[in-house]
Amino acid sequence: MKTKEFIQKCSCVLVLLFFFSIGTAQLMPKPAEAQQEPIVLIGGTIHTATGEVIDNGALAFADGKISFVGKASDPAFDASGYNSIEVRGQHLYPGLILPNSLIGIEEISGVPHSNDKFEEGSINPGLKSFYAFDTGSGHIPTLRYTGILMVETIPSGGTISGTSAVMELDGWSWQEAVHKKEAAVHLHWPSSLSRSYDSDTKTTKIKNRGAYENKVQELEALFVAAQSYGKLKNRPSNLKLEALQGLFKGTKALMIHANEAKEIVESIQFAEGMGVQKIGILTSYAALDVADFLKSNNIPVIIPPTYNLPNMDDMDYDAHYSLPRLLSEKGIVVALSHKGMLSTSRNFPFYAGVAAAFGMDKEEALKLVSLNPAKILGIDGRVGSLEVGKDATFFVSMGDALDIMDNSLTHAFIRGKNITLDGPHQELYLRYSKKFGQEH
């Protein structure tokens, strides 16, 4: 008991020190103001994320919406009335969208007081992450600095962990940052297999998990109840069943976390049988074993980072590096995600760069972190690509944004708002560069 109290006290001290350090030395960038005047960026190379690349381009936007994308020399475009920004020699990209993330609801994983990702119980479809989103998260400036301008924030834990939200990485509060309040219900499909390592034979034993069928039956009972609930005219309040109604109407996606090929197939068949309109799979290399099934059922896939090593002896060394290309060649819509420490989420653009280095077309690789996650989350009507009428959510880089050596942002905009890119890390760099004479 004393040990538990000691740990709790230490955790409180760490939290206080963390926020004290932010308040005294590392102030967060001020949220941006709404766009005040029409702006056009001229001379850069525009990567639209639709496959088109426009050299010496012009991108114009007003009231937070893109009004022109094309050649700067296009006679159809009149730049008068726009505030012109010269970006010759630079590259324009749509804001990158990080799916399946804890950004905004977890700060320090080891300090319970700084995260809000868990809830009691295993079935929580009514748990909505946007309420808990912290626009003051210290992770946000580092993500924006590499071009990540939006995240899908998800709860964690349980079989149905909750309903995710798509959040913009700017704003004074969650009300200003929210892009889509209810994007997807996240279902962690029960594991059908269990693995154990035998140290004597140095082999991994795989066997069927006994409780699998029971857990699937519990899910079936839940979804049947939700279907019946939705047909009632004067239905009593039931937050769990109410939260599932969007799955049958197509206003929410069901994002299924499944690890094995058997689980992928059975979970999709289950969801389709229950009348779920939009389905996505979060999985890894097992997707390749059932690629034809995924394609025939038009199921998009979100996979882990390409920064990954083979976990089986019979896998190729480049198994994860090439996985996005192999799945895309099958005609599957593929998006990348992040796994591991939240602080390294900033590497998200470079996961796509690895896919490009291992055979994927560079513009197709860009879709892995922009247009494809937008499609999966049902927000591609507003973001994910640079097209007239969409939100002016994009950034400008001195070089190739998917290359860790060239990614260097000069401008970023979210719905036309000019975002301050420098954060605490840049402040400290300048401070100590000046102190020790390393200014460049």
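Residues numbered from 1 in each chain as written. Predicted model: local features only at pLDDT ≥ 70, side-chain atom pairs only at ≥ 80, totals over all residues. Heavy atoms only, no water.

J.: Tell me about the overall build of the protein chain, residues and numbers included.
T.: Of the regular secondary structure elements, the protein chain holds 13 helices and 20 strands. Out of the 440 residues in the protein chain, the part that is buried amounts to 51%. Excluding contacts between residues fewer than 6 apart, the proportion of contacts in the protein chain whose partners are at least 24 apart in sequence is 66%. For the protein chain, the accessible surface area stands at approximately 20,900 Å², while carbon and sulfur atoms represent 52% of it. (Helix = DSSP H or I, 4+ residues; strand = E, 2+ residues; numbered from the N terminus. Buried < 20%, exposed > 50% of the residue type's maximum accessible area, 1.4 Å probe, protein only. Contact = heavy atoms within 4.5 Å. Areas by Shrake-Rupley, 256 points an atom, 1.4 Å probe, with all protein chains shown as cover.)

J.: Give a detailed account of the pattern of salt bridges, specifying residues and quantitative values.
T.: Scanning all chains against the criterion turns up 15 salt bridges. A salt bridge links Arg325 to Glu329; its shortest N-O distance comes to 3.4 Å. Highlighted residues: Arg325 and Glu329, both in helix 9 (residues 319-329), separated by four residues, approximately one helical turn. (Salt bridge = Lys/Arg side-chain N within 4 Å of Asp/Glu carboxyl O.)

J.: Provide a residue-level description of the pairing of strand 7 (residues 91-94), including the pertinent values.
T.: Within a regular strand, the side chains alternate between the two sheet faces. Both strand 2 (residues 45-47) and strand 7 contribute to a ladder of two bridges, which runs parallel. Bridge pairing in strand 7 places Ile46 opposite Leu92. By the bridge criterion, four bridges tie strand 7 to strand 18 (residues 394-397) in an arrangement that is antiparallel. When the bridges of strand 18 are listed, Leu92 appears paired with Val396. (Pairing = 2+ DSSP bridges.)

J.: Can you break down the nonpolar core residue by residue, with the values?
T.: Looking at soluble globular proteins, one finds that nonpolar side chains tend to be buried together. Judged by nonpolar contacts, the single largest core of 82 residues is most densely connected at Val151, Met167, Trp189, Phe223, Ile256, Leu294 and Leu327. The dominant element in this core, judged by the number of residues it contributes, is helix 4 (residues 212-231), at seven residues. If we ignore the near neighbours within four places in the chain, the residues touching Trp189 are Tyr212, Val216, Leu219, Ile256, His257, Ala258, Glu263, Glu266, Ser267 and Phe270. Core analysis: the next-biggest nonpolar cluster, separate from the first, contains 16 residues, Ile66, Val69, Leu92 and Val396 among them. (Core = buried A, V, L, I, M, F, W, Y, C linked by side-chain atoms within 4.5 Å.)

J.: Any details on the sheet that holds strand 4 (residues 57-62)? Residues and values, ideally.
T.: Taken in spatial order, the four strands make up an open sheet running 5-4-1-6, and their pairing is mixed. What marks the edges here is a single partner per strand, and that holds for strand 5 (65-71) and strand 6 (83-86). With direction set aside, neighbouring strand axes in the sheet form an average angle of 15 degrees. Pairing between strand 1 (residues 39-42) and strand 4: four bridges, direction antiparallel. What sits directly across from Val40, in strand 4, is Ala60. (Axes fitted to C-alpha atoms, helices over the stretch in contact; angles between N-to-C directions.)

J.: Hey, could you go over the packing of aromatic side chains for me, with residue numbers and the actual values?
T.: Evaluated as defined, the whole model comprises 18 aromatic pairs. Ring centres 5.8 Å apart and planes at 50 degrees place the aromatic pair Phe77 and Tyr82 in the tilted group. (Phe/Tyr/Trp six-rings, centres within 6.5 Å; stacked < 30°, edge-to-face > 60°.)

J.: Residues and numbers for the side chain of Thr45, please.
T.: Mapped onto the elements of the fold, Thr45 is located in strand 2. Accessibility expressed as a relative area gives 15% for Thr45, which makes it buried. Other than its neighbours up to four places away in sequence, Thr45 contacts Val53, Ile54, Asp55, Gln90, His91 and Leu92.

J.: Give me the layout of surface pockets: which residues, what numbers.
T.: Over the atoms, a rolling probe the size of a water molecule traces out where space has been left empty. Approximately 1,200 Å³ is the volume attributed to the largest pocket. Looking at the largest pocket, it is lined by 41 residues, and the ones nearest its centre are Asn259, Thr283, Ser284, Pro304 and Lys339. At the level of secondary structure, the elements contributing two or more residues to the lining of the largest pocket comprise strand 8 (96-101), helix 7 (261-273) and strand 16 (301-303). Looking at the lining of the largest pocket element by element, the count peaks at four residues for strand 8. When its residues are assigned to classes, the lining of the largest pocket shows 18 nonpolar, 16 polar and seven charged. The calculated volume of the second largest pocket comes to roughly 320 Å³. (1 Å grid on protein atoms, 1.4 Å probe; cavity = no way out; pocket = protein on both sides within 12 Å on 5 of 7 lines; lining within 4 Å. Points joined across faces, edges and corners; volume = space filled by probe spheres on them. Nonpolar A, V, L, I, M, F, W, Y, C, P; charged D, E, K, R; others polar.)

J.: Would you mind going over helix 13 (residues 424-435) in detail, with residue names and values included?
T.: The end-to-end C-alpha distance of helix 13 is 16 Å, a good match for the 16 Å that twelve residues give at a rise of 1.5 Å each. The set of residues buried in helix 13 consists of Pro424, Gln426 and Ser433. Along its buried surface, helix 13 packs onto helix 2 (140-144). At the C-terminal side of helix 13, Gly437 shows a positive phi close to 70 degrees. (Expected span 1.5 Å × (residues − 1).)

J.: Explain the pairing of strand 9 (residues 148-153) to me, and be specific about the residues and the numbers.
T.: Most of strand 9 is tucked away, with six of its six residues classed as buried. Judged from the four bridges that link them, strand 8 and strand 9 form a sheet pairing that is parallel. Residue pairing across strands places Leu98 opposite Val151, the latter belonging to strand 9. Both strand 9 and strand 10 (residues 160-168) contribute to a ladder of four bridges, which runs antiparallel. Bridge pairing in strand 10 links Met150 to Glu168. In this antiparallel pair of consecutive strands, strand 9 and strand 10, the connection spans six residues, and Gly157 shows a positive phi of 90 degrees.

J.: Would you mind going over the sheet that holds strand 14 (residues 253-257) in detail, with residue names and values included?
T.: Strands sit in the order 8-9-10-11-14-15-16-17 across an open sheet of eight strands; the sheet is mixed. A single partner strand is all that each edge strand has here, and the edge strands are strand 8 and strand 17 (334-336). Each strand axis lies, on average, 25 degrees off the axis of its neighbour in the sheet, ignoring direction. As paired elements, strand 16 and strand 17 share three bridges and run parallel to each other. Each bridged residue has a counterpart across the sheet, and for Ile302 the counterpart in strand 17 is Ala335. Packing against the sheet, helix 7 makes contact with strand 14 and strand 15 (279-282), and its axis sits at approximately 160 degrees to strand 15. The sheet strands contacting helix 10 (residues 348-357) are strand 8, strand 9 and strand 17, and the helix crosses strand 8 at an angle near 100 degrees.

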